[in-house]
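# Understanding the architecture of this molecule
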Amino acid sequence: MKAVGLHPDVFVVTSRIWQTTCTLVKSGEEAFCVDSPVLPDELELLPAIAEQASFRVVGCLATHADWDHLLGRYAFPAAPLGLAESSAARLRGEPGAAQRDLREFDEEHYVERPGPLSLPSAQALPVPGHCAVGERELELHVAEGHTVDGMAVWIPWASVLVCGDYLSPVEIPWLSPGGSVSAYQATLDRLEPLVERASFVVPGHGAVIDSERALAVLREDRAYLSALAADGADAALPLTRRNGAMKKIHAENVERAGSRPSPAG
Ligand SMILES: [Zn+2]
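Fair warning: this is a prediction, and the values are worked out from it, not measured in the lab.

What counts, and where the lines are drawn
- Residues numbered from 1 in each chain as written.
- Predicted model: local features only at pLDDT ≥ 70, side-chain atom pairs only at ≥ 80, totals over all residues.
- Heavy atoms only, no water.
- Buried < 20%, exposed > 50% of the residue type's maximum accessible area, 1.4 Å probe, protein only.
- Helix = DSSP H or I, 4+ residues; strand = E, 2+ residues; numbered from the N terminus.
- Pairing = 2+ DSSP bridges.
- Salt bridge = Lys/Arg side-chain N within 4 Å of Asp/Glu carboxyl O.

### Thoughts on the pairing of strand 3 (residues 21-27)
- By the criterion of burial, strand 3 is predominantly enclosed, with seven of the seven residues buried.
- Covered by surrounding structure in strand 3 are Thr21, Thr23, Val25 and Ser27 together with Cys22, Leu24 and Lys26, the residues of both alternating faces.
- Across five bridges, strand 2 (residues 10-14) lies against strand 3 in antiparallel orientation. Paired with Val13 across the two strands is Cys22, which belongs to strand 3.
- Hairpin connection of strand 2 to strand 3: six residues between the antiparallel strands, including Trp18 at a positive phi of 60°.
- By the bridge criterion, five bridges tie strand 3 to strand 4 (residues 30-34) in an arrangement that is antiparallel. Looking at strand 4, one finds that Ser27 is bridged to Glu30.
- Counted between consecutive antiparallel strands, the loop separating strand 3 from strand 4 contains two residues, among which Gly28 sits at a positive phi close to 55°.

Here it is in structure tokens:
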């Protein structure tokens with residue numbers, strides 16, 4: 001697991017699986033853990049890494065309700081979990097789904113965990129909105145389209161954008177169940193002014209990137225989504241994201257983008 005400092009108050013650890021990112025942000029005596037690494041040894045190590053950096057984690061946040069972003073409470077079991085209202089509603093609407101998906105992953109990869117994932121009733125955060133940490137406030141922005149729910153977290157005093165599963169240098173836009181091209185495009189429009197101001201962008205999967213690189217990914221993602229809507233399976237994938245795994249995601253996207261009723265009915 002890799003750890004990178006972006007600011008005295010912000011550092012990011014990256015999981016060995018899917019390059020899933022976890023961002024720790026602090027102000028004064030309080031720190032939050034945003035999203036999570038995936039593997040048990042990484043989650044076990046995280047409290048020690050936080051403590052060493054003098055980050056006292058008092059809360060967990062997740063950018064969206066996909067299981068691989070919800071594991072922070074394995075590391076910080078006493079910390080309450082805060083989610084966008086849309087994500088809290090999704091968890092309520094699909095009880096046990098995150099636990100089931102985690103169990104499937106663990107069974108497939110022979111991963112053993114200290115116990116089942118406990119997701120106590122999440123605190124639903126109004127988005128757009130603010131969330132206080134220590135003496136400062138995080139800005140929460142709507143980020144939907146990958147899934148039906150989600151938020152991006154803007155850390156104003158560090159100019160860091162934690163955007164969830166958007167703007168990834170390693171993953172093409174992915175329409176998971178509940179995702180949609182138009183919602184995804186609206187999220188990119190919403191994120192663009194933040195990306196322009198950002199010192200760093202932390203995607204849900206992949207390396208931390210600077211503003212210029214993130215804007216390049218944003219342009220590629222826009223082009224891909226337009227092509228997906230217009231040309232379906234024939235849409236060209238971004239040049240640096242064309243491997244076998246991305247082609248599988250693309251095939252899923254074609255199904256989801258095409259399965260929505262056309263405006264003509
Ligand atoms: Zn993800």
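Having seen the model, we can carry on.
### As for unusual backbone geometry
- Note the cis peptide between Val127 and Pro128, where omega equals 0°.
- Its location among the elements puts Pro128 in the loop between strand 7 (123-125) and strand 8 (129-133).
- Located in the positive-phi region is Asp35, a residue other than glycine, with phi close to 65°.
- Here Asp35 lies in the loop between strand 4 and helix 1 (40-52).
- Of note in the backbone geometry, Tyr110 takes a positive phi value of approximately 55° without being a glycine.
- Looking at the element boundaries, Tyr110 is found in the loop between helix 4 (97-109) and strand 7.

### Remarks on the pattern of salt bridges
- This structure, assessed with the given rule, holds 12 salt bridges.
- For the salt bridge of Glu192 with Arg222, the shortest nitrogen-to-oxygen distance reads 2.9 Å. Linking Glu192 in helix 5 (residues 181-197) with Arg222 in helix 6 (residues 211-231), this pair joins segments that are 30 residues apart in sequence.
- Judged by relative accessible area, Glu192 falls into the partly exposed class, the value being 23%.
- Accessibility expressed as a relative area gives 26% for Arg222, which makes it partly exposed.

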